[in-house]
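What follows is the residue order along each chain.
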Amino acid sequence: MQNATNTLILIAVTAWLLQIALGWWQVSRFNRAFELLCKQGNVGIGRTHGRFKAKVVIAVAFDKNRRVADSIIMKGFTVFSRPQSVTELQGLHYDEIDPKAIFPTDKNAQEALSEAIRLT
């Protein structure tokens, strides 16, 4: 009985440490992409809210003319999601951005993009 308990504790601690390491890896990848984005202009960032749905984070960089210089999106349930560019936003003026048109089937991405452009 003692051996089984120790094994379960070891598995739990190993899983916890692995989660910490993979979470750090995900955050560091996002931070590198975000740092490059910040060099391109004024940046707005938005994310979804809620506990039990896929998280989406979108960051949008605007140049001095309020056109999208670049953007990144990161979405998913796991630590394996990675930042990707949103090509549909490239070159759009701030006033031309319509989250429902850019992400017609993804309500989470619409919510994150709405927040990102609201905060710039």
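Computed from a prediction, not measured in an experiment: that's the story for all the values here. (Residues numbered from 1 in each chain as written. Predicted model: local features only at pLDDT ≥ 70, side-chain atom pairs only at ≥ 80, totals over all residues. Heavy atoms only, no water.)

Novice: Help me understand the overall build of the protein chain, please; the structure alone is not making it clear to me.
Specialist: Along its length, the protein chain carries three helices and four strands. If you list the helices and strands of the protein chain from N to C, you get α-β-β-β-β-α-α. The globule rule puts the C-alpha radius of gyration for 120 residues at 14 Å, and the 18 Å found for the protein chain is more than 25% above it. Seen through its principal axes, the protein chain has C-alpha atoms that stretch 70 × 30 × 20 Å. Expressed as a percentage of its 120 residues, the buried residues of the protein chain come to 34%. Pairs at least 24 residues apart make up 46% of the contacts formed inside the protein chain by residues separated by at least 6 positions. In the form shown here, the protein chain has an accessible surface area of approximately 8000 Å², with 60% of it arising from carbon and sulfur atoms. Within the protein chain, the 10 negative side-chain charges are centred at a point lying 7 Å from the centre of the 15 positive side-chain charges. (Helix = DSSP H or I, 4+ residues; strand = E, 2+ residues; numbered from the N terminus. Rg over C-alpha atoms; globule rule 2.2 N^0.38 Å. Buried < 20%, exposed > 50% of the residue type's maximum accessible area, 1.4 Å probe, protein only. Contact = heavy atoms within 4.5 Å. Areas by Shrake-Rupley, 256 points an atom, 1.4 Å probe, with all protein chains shown as cover. Lys, Arg positive; Asp, Glu negative; His and termini not counted. Charge placed at Lys NZ, Arg CZ, Asp CG, Glu CD.)

Novice: Quick question: what am I supposed to make of the sheet that holds strand β3 (residues 68-76) here?
Specialist: Within a sheet, each strand pairs with its neighbour through backbone hydrogen bonds, oriented either parallel or antiparallel. The four strands are arranged β1-β2-β3-β4 in an open sheet whose pairing can be described as antiparallel. If you trace the sheet from one side to the other, it starts and ends with β1 (42-47) and β4 (84-85), each paired once. Pairing analysis gives two bridges linking β3 to β4, with the strands arranged antiparallel. Each bridged residue has a counterpart across the sheet, and for I73 the counterpart in β4 is Q84. Its contacts with the sheet place helix α1 (residues 2-38) against β1, β2 (55-62) and β3, and it is angled at close to 165 degrees to β3. In this fold helix α3 (residues 107-118) packs onto β1, β2 and β3, with an angle of close to 35 degrees to the strand it touches most, β2. (Pairing = 2+ DSSP bridges. Axes fitted to C-alpha atoms, helices over the stretch in contact; angles between N-to-C directions.)

Novice: Can you walk me through the packing of aromatic side chains in this structure?
Specialist: Aromatic ring pairs are described here by two measures, namely the spacing of the ring centres and the angle between the planes. The final tally for this structure, using the stated rule, is three aromatic pairs. Between F62 and Y94, the ring centres sit 5.7 Å apart and the planes meet at 65 degrees, which makes this aromatic pair edge-to-face. Of this pair, F62 sits in strand β2 while Y94 is found in the loop between β4 and α2 (99-102), placing the two residues 32 residues apart along the sequence. R29 extends its terminal NZ or CZ atom over the ring of W25, reaching a point 4.0 Å from the ring centre. Lying across the ring of Y94, R66 places its NZ or CZ 4.0 Å from the centre. (Phe/Tyr/Trp six-rings, centres within 6.5 Å; stacked < 30°, edge-to-face > 60°. Lys NZ or Arg CZ within 6 Å of the ring centre and 35° of its normal.)

Novice: Which parts of the structure should I look at to understand a nonpolar patch on the surface?
Specialist: Taken together, the side chains of I9, V13, W16, L17 and I20 define a hydrophobic patch exposed on the protein surface, amounting to about 500 Å² of accessible area. Looking at the element boundaries, I20 is found in helix α1. Residue I20 is classed as partly exposed on the basis of its relative accessible area of 44%. (Patch = residues over 30% accessible without salt bridge, like charges linked within 9 Å, V, L, I, M, F, W, Y side chains within 5 Å. Salt bridge = Lys/Arg side-chain N within 4 Å of Asp/Glu carboxyl O.)

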